[in-house]
Amino acid sequence: MEWGSESAAAVRRHRVGAERRDDAQPGREAAAREAAAREPPRDTCGGGGGGGARTRKRSAGGGGGGGAGTGLPEARAALGLALYLLALRALVQLSLQQLVLRGATGRPGEFDARQARDYLEHITSIGPRTTGSPENEIVTVRYLLEQIKLIEVQSNSLHRISVDVQRPTGSFSIDFLGGFTSYYDNITNVVVKLEPRDGAQHAVLANCHFDSVANSPGASDDAVSCSVMLEVLRVLSTSSEALHHAVIFLFNGAEENVLQASHGFITQHPWASLIRAFINLEAAGVGGKELVFQTGPENPWLVQAYVSAAKHPFASVVAQEVFQSGIIPSDTDFRIYRDFGNIPGIDLAFIENGYIYHTKYDTADRILTDSIQRAGDNILAVLKYLATSDMLPSSSKYRHGNMVFFDVLGLFVIAYPSRVGSIINYMVVMAVVLYLGKKFLQPKRQTENYPKDFLCALGITLISWFTSLVTVLILAVFVSLIGQSLSWYNHFYVSVCLYGMAAVAKIILIHSLAKKFYYVINFIYLAKSTKKTMLTLTAVCMVTFLLVCSGAFFPYSSHPASPKPKRVFLQHMTRTFHDLDGNVIKRDSGIWINGFDYTGMSHITPHVPEINDTIRAHCEEDAPLCGFPWYLPVHFLIRKNWYLPAPEVSPGDPAHFRLVSKEQTPWDSVKLTFEATGPSHMSFYVRTHKGSTLSQWSLGNGTPVTSKGGDYFVFYSHGLQASAWQFWIEVQVLEERPEGMVTVAIAAHYLSGKDKKSSQLDALKEKFPDWTFPSAWVCTYKLFVF
């Protein structure tokens, strides 16, 4: 009302005429000073008072915590926001479910998902295919060669097909899982080269792997990719369109052995020198859409090739940033081609339903035909594009620069150079700086409280974020302490209702208490009041919290349509420890148990009472990796394990380990040569004693690589008919000590055949509830001191 009266007075003064303006000026200045004197002082954030400027701000945006204003009614604002979020969720869900546009398949020259499914079902019917097993090395290889031969018979005369079965032996070090060294002997690669009749000087590589982890049929990881590649090979080879470059199809038989087969191919095969780019087909889930989650290094032309050619694009540079950050303890053959072949590529993976990845539930029937069709359409189109591209031969010219890329609801991909993204970011920052600078540098009479308002608004925003994070952490810690961790694992909306609602409620509370700042857009500034919204959010959070505390949401499920099992590793082992003189000082046997999530064995103990905290495994302080037969160096990821006493194991093909020679070198070090024979998978561990260092060895590039914790880990595998593994290590002894210079140990893992099982393992597995996936095998462990 006061603002309206002042405006009317100003109009009347204006009507008096110019001759009175000069006389009226002192009066107006006096009136302004008097009004300023009557104005109550403002608080530090520019709120609370009834000043004219502040009142105008409030009327523009409505009340913050329930005061009067012109904002929307709370119910209408909340409903609008809820509808917006639901529509966004529905749109994303629809884009994920819509795999391909419906239409006829199997037409000449097009990818036929039905044929690819036939390949898939034949491969998975073989069962688990671990490297070194007859199922992997003989049965699967024979089937692949048979199908390739049939494809070759049907191929067009424009093309030439060459087939090679490679059995490489080699070694390399990798910084994956904290760092370790890998050695492989006589593993299997099936390689097919499709090229023009007159040959080709350049090639694009398509890679999949037909081996699987133990105890899983490996349909999605990675039999479906090999099935897609077989069908793509068939379509390309029967096409009447000539290729400009070769397409090499690598069916590798040792990817699950930490990327060994791809290393054997790219470092030893004669066709590797032809490759200018690659496409790697992988899986981190079962079915769904295949996501482009890695590209490069650099070579933006490859992303553009995918954007131009893919029929059903699905890509995210965010996935690339997350995966390459190392947060996810996983890796693919992409790393090998990038690091050891210096070749750019595209990495794709099926990402849906990761709950059953690497379990017995990874079966062919869970992969939709539409999922196979979209993957085949994309791979066929991109390979055809690259095999006829003029950029492939001179790809090094287009190497520089990375790309920012993402799809829009699976309809199309937006891609631009990362330098453009940097320019956009810099422009936004500069615009903000210029705007704020202009505001801060204006005369004080125009921006009297602007700096305080801005800093206060920024502070409150940061405080709201921080307090919401603290609130969520407090809830999570409490839920963990009462033994209800992972309640959200089988119930996604529990995380939304518990943690999401708590975070939003805390943010709204902080902003409501601080009333309103026009620098930040938030739901509460659209509504006149937020009391009902906060009460609703708090009520939903509290009800969910009470239900979680009561155990209403069990983390796992054995539902046939959508299982979410708990993974457990069971290793029935016999350990033997020797002293410096070679005498046995300790020998024990038991089933070593590892639970691969935060809940440990708490949910299993009621079903299997003998697995409890009284049998927690104890670390052997003087032994590398605590004296246990780790299959991979993941000891730093798993803090709790259990050791249930059990009878000794007696594999029919026992492992043997011996010291072949001990030599003093001219440079005052000791060279120890060892020989080992055993099953297809073995792990070798080394720990140097005080006063000694491991200077070199015959593995990798010759330089020993430590794992996390300071010990050395070597992963060994072989195919069929491998010779004895002989290698040496060189120890630099700085100080002679009575306990020796080095401790070594070797673990033999029986992942296939009759030696894999034991009656005690089978009996224990039977006791496990059906919502678990116990992966079990037999192993032996022997430790020596030198």
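Before any of the text, the structure's been laid out above.
Just so it is clear, the model here is predicted, and its values are computed rather than measured.

K.L.:
Help me out: how do you make sense of the overall build of the protein chain in this one?
P.N.:
What the protein chain contains, in helices and strands, is 17 helices and 22 strands. The 786 residues of the protein chain split such that 51% are buried. A sequence separation of at least 24 residues applies to 80% of the contacts in the protein chain between residues at least 6 apart. On the protein chain, roughly 36,600 Å² of surface is accessible, and the fraction owed to carbon and sulfur atoms is 59%.

K.L.:
I keep staring at the state of the cysteines and nothing clicks. Help me out?
P.N.:
Tallying each qualifying case throughout the model produces two disulfides. The side chain of cysteine 208 participates in a disulfide bridge whose partner is cysteine 226; the two sulfur atoms lie 2.2 Å from each other. One disulfide, between cysteine 208 and cysteine 226, carries an S-S torsion of 105° and so falls in the right-handed class. Residue cysteine 208 is found in strand E5 (residues 203–209), and its partner cysteine 226 is found in helix H7 (residues 219–238); the two are separated by 18 residues along the sequence. Put simply, cysteine 619 and cysteine 626 are joined by a disulfide, and their sulfur atoms are 2.0 Å apart. Taking the sign of the torsion about the S-S bond as the criterion, the disulfide between cysteine 619 and cysteine 626, at about -85°, is left-handed.

K.L.:
Any chance you could explain the sheet that holds strand E19 (residues 712–718) here in plain terms?
P.N.:
As a general point, the strands of a sheet are linked pairwise by backbone hydrogen bonds and lie either parallel or antiparallel. Read from one edge of the open sheet, nine strands run E2-E3-E19-E17-E21-E22-E12-E13-E14, paired in mixed fashion. Every other strand in the sheet has two partners, leaving strand E2 (170–174) and strand E14 (642–645) as the edge strands with one partner each. Each strand of the sheet is rotated relative to its neighbour by a mean of 25°, with strand direction disregarded. Its contacts with the sheet place helix H8 (residues 260–268) against E2, strand E3 (180–185) and E19, and it is angled at close to 75° to E3.

K.L.:
Looking at this model, I keep getting lost on the pattern of salt bridges. Mind explaining?
P.N.:
Where charged atoms of side chains with opposite charge meet at close range, the side chains can pair. Evaluated as defined, the whole model comprises 20 salt bridges. With a closest N to O distance of 2.5 Å, aspartate 175 and arginine 335 form a salt bridge. Separated by 160 residues along the polypeptide, aspartate 175 in the loop between E2 and E3 and arginine 335 in helix H11 (residues 333–339) bring together distant segments of the chain. A relative accessible area of 14% means that arginine 335 is categorised as buried. For lysine 193, the salt bridge identified is with glutamate 195, shortest N-O distance 3.8 Å. No difference in accessibility class separates lysine 193 from glutamate 195, as the two residues are buried.

K.L.:
What is the right way to look at the nonpolar core in this model?
P.N.:
Considering soluble globular proteins, one finds that nonpolar side chains tend to be buried as a cluster. If you look at the biggest cluster of nonpolar residues, it comprises 70 residues, and the most contacted ones within it are Val232, Phe249, Phe251, Tyr306, Ile372 and Leu383. Tallying contributions element by element places H7 first for this core, with 11 residues. Other than its neighbours up to four places away in sequence, tyrosine 306 contacts Val292, His312, Pro313, Phe314, Ala315, Ile346, Leu348, Asn378, Val382 and Val413.

K.L.:
Looking at this model, I keep getting lost on the environment of serine 133. Mind explaining?
P.N.:
The residue serine 133 is located in the loop between helix H5 (113–124) and helix H6 (134–154) in this model. On the basis of relative accessible area, serine 133 is assigned to the buried category, the value being 0%. The residues contacting serine 133, other than those within four sequence positions of it, are Ile138 and Ser752.

K.L.:
Please clarify how the pairing of strand E16 (residues 669–677) should be interpreted in this entry.
P.N.:
Look at any regular strand and the pattern is simple: side chains alternate between the two faces of the sheet. Relative to E16, strand E15 (residues 656–664) is paired through eight bridges, and the arrangement is antiparallel. Within the sheet, the bridge partner assigned to phenylalanine 657 lies in E16 and is alanine 676. Counted between consecutive antiparallel strands, the loop separating E15 from E16 contains four residues, among which aspartate 668 sits at a positive phi close to 60°. When E16 meets strand E20 (residues 725–733), the two strands line up antiparallel, connected through eight bridges. Its bridge partner lying in E20, lysine 671 is registered against glutamate 730.

K.L.:
Would you take a moment to explain the environment of leucine 145 for this structure?
P.N.:
Within the element layout of this structure, leucine 145 appears in helix H6. The class for leucine 145 is partly exposed, based on a relative accessible area of 30%. With 20 residues separating them along the chain, leucine 145 and valine 165 place their C-alpha atoms 9.1 Å apart. In this structure leucine 145 touches Val163, Val165 and Val190, once residues within four positions along its chain are discounted.

K.L.:
What is the right way to read the sheet that holds strand E4 (residues 189–196) from this model?
P.N.:
What the seven strands build is an open sheet, ordered E1-E4-E6-E5-E7-E9-E8; its pairing is mixed. Bordering the open sheet on either side are strand E1 (159–166) and strand E8 (290–296), each of which pairs with just one other strand. Strand-to-strand twist of the sheet, defined as the mean angle between neighbouring strand axes without regard to direction, takes the value 15°. Pairing of E8 with strand E9 (residues 345–350) involves six bridges; the strand directions are antiparallel. Of the residues in E9, the one forming a bridge with threonine 295 is isoleucine 346. Contacts from helix H12 (residues 369–387) reach E5, strand E6 (246–252), strand E7 (275–283), E8 and E9 within the one sheet, and its direction differs from that of E7 by about 175°.

K.L.:
Quick question: what am I supposed to make of the packing of aromatic side chains here?
P.N.:
Think of a pair of aromatic rings as described by two things: how far the centres are apart, and how the planes are tilted against each other in angle. In the structure shown here, the tally under the stated rule is 38 aromatic pairs. Relative to tyrosine 556, the ring of tyrosine 489 lies with its centre 6.0 Å away and its plane at 65°, an arrangement referred to as edge-to-face. Of this pair, tyrosine 489 sits in the loop between helix H14 (450–481) and helix H15 (492–513) while tyrosine 556 sits in the loop between helix H16 (531–549) and strand E12 (566–578), and the two are 67 residues apart along the sequence. Using a relative accessible area of 4% as the deciding quantity, one classes tyrosine 556 as buried. Here the aromatic rings of tyrosine 631 and tryptophan 777 are separated by 6.1 Å at their centres, their planes lie at 65°, and the arrangement is edge-to-face. Remark: tryptophan 777 occurs in strand E22 (residues 772–785) and tyrosine 631 occurs in the loop between strand E13 (584–595) and E14; sequence separation between them is 146 residues. Residue classification places tryptophan 777 among the buried residues on the basis of a relative accessible area of 3%. One aromatic cluster in this structure is built from Tyr183, Phe657, Phe674, Phe684, Tyr716, Trp725, Phe727, Phe784 and Phe786. For the cation-ring pair, arginine 575 lies above phenylalanine 628, with the distance from its terminal atom to the ring centre recorded as 4.6 Å.

K.L.:
Just to check I follow, could you spell out empty space enclosed by the protein for this structure?
P.N.:
A probe as big as a water molecule, rolled over the atoms, marks out the empty space that is left. Evaluation of the coordinates by the stated rule reveals four cavities of 30 Å³ or more. For the lining of the largest cavity, the secondary structure elements donating two or more residues are E7, E9 and H12. Considered class by class, the residues forming the lining of the largest cavity number six nonpolar, one polar and two charged.

K.L.:
Can you walk me through a nonpolar patch on the surface in this structure?
P.N.:
Taken together, the side chains of Leu81, Tyr84, Leu85, Leu88, Leu91, Val92, Phe406, Leu409, Leu411, Phe412 and Ile414 present a nonpolar region at the surface, about 970 Å² in accessible area. Among the elements that take part in the nonpolar patch, helix H4 (residues 74–97) stands out by supplying six residues, more than any other. Along the chain, leucine 81 turns up in helix H4.

Rules of the game
- Residues numbered from 1 in each chain as written.
- Predicted model: local features only at pLDDT ≥ 70, side-chain atom pairs only at ≥ 80, totals over all residues.
- Heavy atoms only, no water.
- Helix = DSSP H or I, 4+ residues; strand = E, 2+ residues; numbered from the N terminus.
- Buried < 20%, exposed > 50% of the residue type's maximum accessible area, 1.4 Å probe, protein only.
- Contact = heavy atoms within 4.5 Å.
- Areas by Shrake-Rupley, 256 points an atom, 1.4 Å probe, with all protein chains shown as cover.
- Disulfide = S-S within 2.5 Å.
- Pairing = 2+ DSSP bridges.
- Axes fitted to C-alpha atoms, helices over the stretch in contact; angles between N-to-C directions.
- Salt bridge = Lys/Arg side-chain N within 4 Å of Asp/Glu carboxyl O.
- Core = buried A, V, L, I, M, F, W, Y, C linked by side-chain atoms within 4.5 Å.
- Phe/Tyr/Trp six-rings, centres within 6.5 Å; stacked < 30°, edge-to-face > 60°.
- Lys NZ or Arg CZ within 6 Å of the ring centre and 35° of its normal.
- 1 Å grid on protein atoms, 1.4 Å probe; cavity = no way out; pocket = protein on both sides within 12 Å on 5 of 7 lines; lining within 4 Å.
- Points joined across faces, edges and corners; volume = space filled by probe spheres on them.
- Nonpolar A, V, L, I, M, F, W, Y, C, P; charged D, E, K, R; others polar.
- Patch = residues over 30% accessible without salt bridge, like charges linked within 9 Å, V, L, I, M, F, W, Y side chains within 5 Å.

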